[in-house]
Each structure stands twice: as structure tokens, then as C-alpha cells.
Amino acid sequence: MRYLQGLMDFINAAPTAFHAVDQICASLASAGYARLQEGETWFLEPGGRYYLTRNRSSVIAFRLPRQELSHFQIVASHSDSPCFKLKPNAQRASQGCALLNVEKYGGMLMSTWLDRPLSIAGRLIVEDGGALETVLVDAGRDLALIPNVPIHFNRDANDGVKWNPQVDMLPIYGTEGADYLCLLAEKAGVEPSRVAGGDLFLYNRDRATLFGAQEEFSAAPRLDDLECAYTSLEALLASRPGRHVDMLCVFDNEEVGSGSKQGADSTLLADTLRRIAGGTGLAPQALEAAVAKSFMVSADNAHAAHPNHPEKYDEQNRVYMNSGVVVKSSANQKYTSDALSIAVFESICRRAGVPTQRFANRSDIPGGSTLGNISNAHVSMNAVDIGLAQLAMHSALETAGARDVAHMVDALKAFFECEVMINGDGAIRIE
Ligand code: CO
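Let me begin by describing the structure that accompanies this report. Just so it is clear, the structure is predicted and the values come from calculations on it, not from any experiment.

1. A few points about the overall build of the chain
- Across its full length, the chain holds nine helices and 22 strands.
- Its C-alpha atoms give the chain a radius of gyration of 22 Å, near enough to 22 Å, the size a compact globule of 431 residues would have.
- Projecting the C-alpha coordinates of the chain onto the three principal axes gives extents of approximately 70 × 60 × 35 Å.
- Counting the 431 residues in the chain, one finds 54% classified as buried.
- Long-range pairs, those at least 24 residues apart, make up 76% of the contacts in the chain between residues at least 6 apart in sequence.
- Of the roughly 18600 Å² of accessible surface on the chain, 48% is carried by carbon and sulfur atoms.
- Each charge class in the chain can be summarised by its mean position, and for the 38 positive and 51 negative side chains these summaries are 2 Å apart.

Shown next, in the form of C-alpha cells:
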């Protein structure tokens with residue numbers, strides 16, 4: 001229950017990837033993790049705990065063992081979710097209303113963004129003397145709404161509608177003359193004339209909530225993938241250190257292909273591993289040897305069988321909410337899992353008393369992908385793709401199993417606390 005409430009509080013306070021990472025950093029700092037800057041030399045202590053961010057929208061935390069490190073045990077998730085981003089010149093007017101010119105960020109279910117209170121959050125770049133500063137901002141109130149066309153002018157609306165994001169998805173946020181940048185500057189406590197620009201996003205104002213006869217479901221925006229980001233953070237903070245390096249990665253930009261300087265397709269993880277090797281005085285080849293013995297859990301939510309459309313899911317490889325951690329497989333390696341890594345992860349869960357279930361897509365419906373295989377193309381190690389079962393992925397409001405939150409924390413805590421000993425040739429021992 002504590003983790004469920006914690007997740008809901010985390011999501012409510014994380015309207016954008018910047019805010020999610022900001023919260024993760026605050027939790028790490030209060031747990032004694034020291035902040036590293038990528039632009040400085042790192043001096044790392046045995047047993048030390050550290051974190052760094054890139055772009056303030058991706059974060060990596062790691063905990064060193066007291067003795068020489070044997071390998072890395074990594075959990076990776078993502079901080080971003082599909083939404084709408086304000087264009088550089090977003091101010092627009094029509095029919096006496098002030099509108100925002102927005103574009104899609106990622107692949108959302110567009111219709112779910114209609115007719116519900118929205119707001120704006122993100123980061124402002126603020127000029128301060130000769131310097132440019134980043135200030136996170138959240139309007140923090142119902143501010144905008146994307147209105148539907150009435151059924152009277154769109155009689156076929158219930159037979160399927162094609163949405164054009166350039167035309168149909170522009171929210172109103174006031175009467176003509178309203179100035180969103182002034183509003184946000186004021187909220188951030190800065191002079192509007194000093195705002196040089198911003199990365200600003202629409203977000204759904206719905207608060208995370210529980211529903212169902214026994215409150216067995218959670219409904220919240222951004223469950224994909226803040227649920228995995230939050231549970232992996234809590235698992236790290238609750239776990240005891242071992243002989244390996246425990247590592248938490250939360251990458252931005254998964255929803256748009258991970259191809260940014262801070263995404264899973266960047267140098268961020270490889271750079272960090274190399275710098276840990278340098279900062280702890282590892283002998284030549286010791287890093288490569290450690291990586292070869294390392295294990296990654298790529299954690300991103302999964303598709304629960306939809307009760308109204310069970311035919312969309314493979315009959316023997318469907319997964320259900322509140323039934324445990326989902327282990328994902330795909331023959332074409334959209335997921336990193338293989339028989340060996342699945343056996344490792346399932347055995348860790350079994351010992352921890354956490355139920356697991358196996359997922360594969362229908363062969364005629366490709367499904368999605370995630371960041372594990374992208375990261376593995378840069379830093380290659382044994383890896384498994386997992387997640388929690390949820391409905392309505394990429395809707396403005398998603399649904400997941402309330403009891404699964406504790407399942408994931410327990411599973412990842414057990415993963416951080418065990419030693420996955422990889423001896424090559426497909427031999428792995430778990431201690
Ligand atoms: Co995801």
C-alpha cells in the first residue's frame with residue numbers, strides 16, 4: 001500500500017520527464033546519493049552511491065560495492081510518455097479563443113486527449129545576466145482543453161474518426177490575447193522578458209486514482225513508464241548492497257525512438273560505465289570483463305488482456321493485471337529476453353515469492369518495442385524485458401493493477417540483492 005500511494009504521488013508530481021527525473025534525483029539525494037556532473041572528473045569511493053543526469057530528463061544512479069566490482073546489475077526504464085509538445089511559436093487565435101499550436105510527441109491515442117482539462121509543464125530557459133538557466137515549470141491548474149466537434153456536425157463520429165493533429169488537436173486556453181508564456185513565467189517566478197524559450201508539453205490533469213470493487217485497479221496518466229521508473233527507484237533504495245554495482249537508468253525519449261543525446265540510443269550508459277571503471281581504478285580489460293558478466297532488466301509496461309478484445313492477444317501468452325510481473329518475449333528481438341535471461345529473472349522472482357507471467361504478441365499483430373534492445377546495441381549484456389500488465393497503453397489515462405506495484409518493487413529489490421554470476425557458455429548461478 002505504501003508503494004501504491006507513493007506511485008500515485010510520484011505520477012501526480014511528474015507531469016513531464018523533467019519533473020519525473022527531478023523527483024528521482026530528490027529521492028536519491030535524500031537517501032545519501034551524491035550528485036556527479038558529467039562535465040567534471042569523478043572520484044569514486046568504494047561503497048559510494050552516486051547519480052547523474054543528462055539534459056535533466058534522463059538519470060542514472062549507481063551504488064558501488066566495498067570491494068572491487070565484479071559486474072553490473074542494471075534496471076532500465078523510461079521517463080517520457082506520449083503527449084503534445086508546444087511548437088516554438090505556439091500562440092494562435094481563432095474565433096475569439098487563444099489556442100496553442102502543438103505537435104505530437106510519441107504515439108498517443110489522440111481521442112483520449114479531447115474534452116478533458118489539460119495543463120502545461122516543462123522547462124523554461126531563462127536569461128540571467130549573461131547566463132542561461134533552466135527552470136522547471138508547471139502551470140499546476142486546469143488551463144487548456146481540446147474540444148470535440150459536436151455529434152450534430154459529425155454524424156459518423158461513433159463509426160470511427162480520423163484525427164488530424166494539425167487541425168483537430170489544438171487546445172483552447174483562454175480568450176484571444178491570453179499569453180501562455182507570461183502565465184508560465186509568472187508561475188516560475190521569472191520576468192517574462194527574460195524567458196529565452198522552453199520545452200513545454202500539454203499534460204492530462206487527471207490525478208492518479210484507484211477504482212474497482214476492491215480498488216484493485218489504478219487509473220493514472222503516464223503509467224507507461226513512470227510505474228517502472230518509480231518501482232525500480234524504490235527497489236534500489238530498499239535493497240542491500242552486494243558485490244556488484246547496482247544501477248538504475250531512467251532514459252528520456254523512449255516514445256520517440258530513444259535517439260537523442262540522453263536517450264537509450266545515446267552514449268549515456270556506455271560513458272557512465274567507462275567512467276565508473278576509470279573512477280574506481282579498474283585494470284585494463286576489467287570493464288569489458290565486468291560488462292560481459294553483467295545483467296540488465298529492461299522494465300517497461302506490458303499489454304494486459306483487454307476484456308472486450310481478447311482476440312487481440314495470443315491465446316497462450318496473454319497477461320493479466322494483478323497477476324505479477326510480465327516477462328516479454330519476441331522472436332525478432334524487439335525484446336531482449338531469451339531463454340537464459342528469462343530463467344534467471346523468473347528464478348529470482350520465484351525465490352522472492354513474486355508471481356510472474358509470460359507475454360508474447362500475436363504473430364499477426366506486431367505490438368510495440370522498448371529500450372532494452374536499443375541499449376544493448378551500445379552496451380551488450382544478458383538482458384530481459386519485463387513490465388507490469390496495463391490496459392489502454394498510450395491513452396491519456398491508463399489502467400493497471402494496484403497489487404502489481406508491490407510485485408514489481410519486490411522483484412527488483414530481489415534482483416538488486418542477489419548476485420547474478422555469469423560464467424560464459426550459458427552457465428549462470430544466482431547467489
Ligand atoms: Co513504455
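Next comes the rest of the account.
2. Describing the coordination of the cobalt ion
- Around the cobalt ion, the protein contributes the donor atoms H78 (NE2), D224 (OD), D300 (OD) and D300 (OD), which lie 2.0 to 2.6 Å from the metal centre.
- If you look at the cobalt ion, its four donor atoms make angles of 55 to 142 degrees with each other, and the shape they trace is irregular.
- For the cobalt ion, all donor residues lie on one chain, and their spacing in sequence is H-x145-D-x75-D. Of this pair, H78 sits in strand β4 (residues 72–78) while D224 sits in helix α4 (residues 223–238); the two residues are 146 residues apart in sequence, bridging distant segments of the chain.
- On the basis of relative accessible area, H78 is assigned to the buried category, the value being 0%.

3. Side note on the packing of aromatic side chains
- This model, assessed by the stated rule, comprises nine aromatic pairs.
- Ring centres of Y50 and F62 lie 5.5 Å apart, and the angle between their planes is 35 degrees; this geometry places the pair in the tilted category. Taken together, the residues Y50 in strand β2 (residues 49–54) and F62 in strand β3 (residues 58–63) connect sequence positions 12 residues apart. Assigned by exposure class, Y50 and F62 land together as buried.
- By way of ring pairs, the aromatic residues W42, Y50 and F62 are connected into one cluster.
- Above the face of the W42 ring, R275 is positioned so that its terminal group lies 4.2 Å from the ring centre.

4. Focus on the environment of L233
- Looking at the secondary structure, you find L233 in helix α4.
- Sequence-distant contacts of L233, that is, excluding residues within four places in its chain, are made with I24, S27, L28 and L248.

5. Considering the pattern of salt bridges
- Under the counting rule described, the total for this entry stands at 15 salt bridges.
- A salt bridge links D271 to R54, with the shortest nitrogen-to-oxygen separation between them at 3.0 Å. With D271 in helix α5 (residues 268–279) and R54 in strand β2, the pair connects residues that are 217 residues apart, well separated along the chain.
- When its relative accessible area of 12% is taken as the criterion, R54 is described as buried.
- A salt bridge links R123 to D199; the shortest N-O distance between them is 2.8 Å. Of this pair, R123 sits in strand β7 (residues 118–128) while D199 sits in strand β10 (residues 195–204), placing them 76 residues apart in sequence.
- The exposure class of D199 is partly exposed, given its relative accessible area of 21%.
- One salt-bridge network, held together by shared partners, links E38, R54, D271 and R274.

6. Observations regarding empty space enclosed by the protein
- Applying the stated rule across the entire model yields one cavity of 30 Å³ or more.
- The volume enclosed by the largest cavity comes to roughly 40 Å³.
- Lining the largest cavity are F251, A264, S266, L269, A270, S375, H378 and V379.
- In terms of residue class, the lining of the largest cavity is made up of five nonpolar, three polar and no charged.

The rules behind the values
Residues numbered from 1 in each chain as written. Predicted model: local features only at pLDDT ≥ 70, side-chain atom pairs only at ≥ 80, totals over all residues. Heavy atoms only, no water. Helix = DSSP H or I, 4+ residues; strand = E, 2+ residues; numbered from the N terminus. Rg over C-alpha atoms; globule rule 2.2 N^0.38 Å. Buried < 20%, exposed > 50% of the residue type's maximum accessible area, 1.4 Å probe, protein only. Contact = heavy atoms within 4.5 Å. Areas by Shrake-Rupley, 256 points an atom, 1.4 Å probe, with all protein chains shown as cover. Lys, Arg positive; Asp, Glu negative; His and termini not counted. Charge placed at Lys NZ, Arg CZ, Asp CG, Glu CD. Donors = N, O, S within 2.8 Å, 3.2 Å for Na, K, Ca; no water. Tetrahedral: all angles 85-135°; square planar, octahedral: opposite > 155°, others 65-115°. Phe/Tyr/Trp six-rings, centres within 6.5 Å; stacked < 30°, edge-to-face > 60°. Lys NZ or Arg CZ within 6 Å of the ring centre and 35° of its normal. Salt bridge = Lys/Arg side-chain N within 4 Å of Asp/Glu carboxyl O. 1 Å grid on protein atoms, 1.4 Å probe; cavity = no way out; pocket = protein on both sides within 12 Å on 5 of 7 lines; lining within 4 Å. Points joined across faces, edges and corners; volume = space filled by probe spheres on them. Nonpolar A, V, L, I, M, F, W, Y, C, P; charged D, E, K, R; others polar.

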